[in-house]
Amino acid sequence: MSDITEITLTLPMEAMQNIFGGNDSYIKKIENNFHVDIIDRGGVLHIIGEEESAGKASDIIRELATLSSRGSQIEEQSVDYAISLKEDKKQKKSSSKEKDDNILVTIDQDIICHTINGKPIKPKTLGQKKYVDAIRNNMIVFGLGPAGTGKTYLAMAMAITAFQKEEVSRIILTRPAIEAGEKLGFLPGDLQSKVDPYLRPLYDALYQIMGTDNFLKNMEKGLIEVAPLAYMRGRTLDNAYIILDEAQNTTPAQMKMFLTRIGFGSKVIVTGDATQKDLAPDVRSGLDVASSVLKNIDDIAFCNLTSQDVVRHPLVQKIVKAYEDYETKEANKKKRKNIGKMERRSGR
């Protein structure tokens, strides 16, 4: 057992209020995860515990204080992610140079754009930062990962930023019109009304970042287009920012059709979650095929986000992780069962 040590930190009162959270919930998280005691005495924090644990807790608090000094509001997700970085085994084995890197601050500095209400949109995890950098540096990017990792939202932010800077002349958003495990039956209204329910998540992001009026004006001019994937056939899309959402629900033929629409001056982002397919059981996903076929082509990047990159409510991260563990367990069980069958057959 390591010796008990005490580390003191002096922080501005504004930073203290931001870091502690409501009812001291953030500090309690740090205390519980690293088994330390954190005591505030007149603006001076005393961190008491085993040397390694106290060091990690103080590192996190310093990073959060730096974020606060930059004007960032400390959120529960930021605290959870900072803790997870310190608990990650790979992080523990990293070099001294990597340990000195202020990861949270580096991520926080990358502001993509602002919402209509002035809130900055930026990556919140290292995985998201790599995803955004890949979008900047490649013509086609596949953003793969579970729900809540910001795949679509960050892609939308990058597209709107490029559009506002006149790097592209239009934005095209598309997704396959497949129900999520339900049959909705006949939908009333015109064609736009019929496809809108499937495209609602894309509209939500546009409204939040661009504002309803600005979005509608650009949509009326044909500068922003939201359409089902079937409408892409036969087109050539030049000088456009094109986002294909829910790509796990494409067939291989649809994916090939979509990727061959790309023209000069265009950038493409394909997002999907391989664990949430709504295709028939005997139909292979176009996203799975593309991941195998295109992985070695230059200017095409694949970014795999994980449960650690989930930025919704902390409970969502736990749900995603629980499903990942369950699916891995079931896959291993099925594999062992198949091996057992093969051994029994060979024994005959």
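Residues numbered from 1 in each chain as written. Predicted model: local features only at pLDDT ≥ 70, side-chain atom pairs only at ≥ 80, totals over all residues. Heavy atoms only, no water.

On to unusual backbone geometry. Look at His 35: it is not a glycine, yet its phi comes out positive at around 55°. Note on placement: His 35 falls in the loop between helix H2 (25-34) and strand S2 (37-41). A residue is classified by how much of its surface remains accessible, and His 35, at 68% relative accessible area, is exposed. Despite not being glycine, Glu 246 has its phi angle at roughly 55°, a positive value. (Helix = DSSP H or I, 4+ residues; strand = E, 2+ residues; numbered from the N terminus. Buried < 20%, exposed > 50% of the residue type's maximum accessible area, 1.4 Å probe, protein only.)

Let us look at the packing of aromatic side chains. With the rule as written, the count across this model stands at four aromatic pairs. Ring geometry for Phe 142 versus Phe 302: centroids 4.5 Å apart, planes at 10°, classification stacked. One end of the pair, Phe 142, is in strand S6 (residues 140-144); the other, Phe 302, is in strand S11 (residues 300-304), with 160 residues separating them in the sequence. Overall, the relative accessible area of 22% leaves Phe 302 in the partly exposed class. Aromatic side chains Tyr 203 and Phe 215 sit 5.7 Å apart centroid to centroid with 70° between the ring planes, which places their arrangement in the edge-to-face category. Of the two residues, Tyr 203 sits in helix H10 (residues 191-210) while Phe 215 sits in helix H11 (residues 212-220), which places them 12 residues apart along the sequence. For the pair Tyr 203 and Phe 215, a shared accessibility class is recorded, and that class is buried. An aromatic cluster is present here, built from Tyr 203, Tyr 207 and Phe 215 joined pairwise through their rings. (Phe/Tyr/Trp six-rings, centres within 6.5 Å; stacked < 30°, edge-to-face > 60°.)

Moving on, we get to the sheet that holds S11. Read from one edge of the open sheet, six strands run S8-S7-S9-S10-S6-S11, paired in parallel fashion. Here the strands that pair on one side only, and so sit at the sheet edges, are strand S8 (224-228) and S11. With strand direction ignored, the average angle separating the axes of adjacent strands in the sheet is 15°. Relative to the sheet, helix H8 (residues 126-137) contacts S6, strand S9 (240-244), strand S10 (267-272) and S11, its axis offset from that of S10 by approximately 150°. Along the sheet face, helix H13 (residues 286-293) touches S6, S10 and S11 and points at about 125° away from the line of S6. (Pairing = 2+ DSSP bridges. Axes fitted to C-alpha atoms, helices over the stretch in contact; angles between N-to-C directions. Contact = heavy atoms within 4.5 Å.)

Scanning the model with the defined rule gives 17 salt bridges in all. Of the charged contacts, one joins Lys 124 and Glu 75 as a salt bridge, the two residues approaching to 3.2 Å between their closest N and O atoms. With Lys 124 in the loop between strand S5 (120-121) and H8 and Glu 75 in the loop between helix H3 (51-69) and helix H4 (76-87), the pair connects residues that are 49 residues apart, well separated along the chain. A salt bridge links Asp 110 to Lys 129; the shortest N-O distance between them is 3.2 Å. Here Asp 110 is found in the loop between helix H7 (103-108) and strand S4 (113-114), whereas its partner Lys 129 is found in helix H8, with 19 residues between them in sequence. By relative accessible area, which is 15% here, Lys 129 ends up buried. One salt-bridge network, in which partners are shared between bridges, spans Asp 110, Lys 129, Asp 133 and Arg 136. (Salt bridge = Lys/Arg side-chain N within 4 Å of Asp/Glu carboxyl O.)

The next thing to look at is the nonpolar core. Of all hydrophobic cores here, the largest spans 36 residues; its most connected members are Tyr 131, Met 156, Ile 171, Leu 173, Leu 206 and Tyr 241. When residues of this core are assigned to their parent elements, the largest contribution, nine residues, is made by helix H9 (residues 151-164). Apart from the residues lying within four places of it in its own chain, the contact partners of Leu 206 are Met 156, Ile 160, Leu 173, Gly 211, Phe 215, Ile 224 and Val 226. Core analysis: the next-biggest nonpolar cluster, separate from the first, contains 31 residues, Tyr 26, Ile 47, Ala 54 and Ile 83 among them. (Core = buried A, V, L, I, M, F, W, Y, C linked by side-chain atoms within 4.5 Å.)

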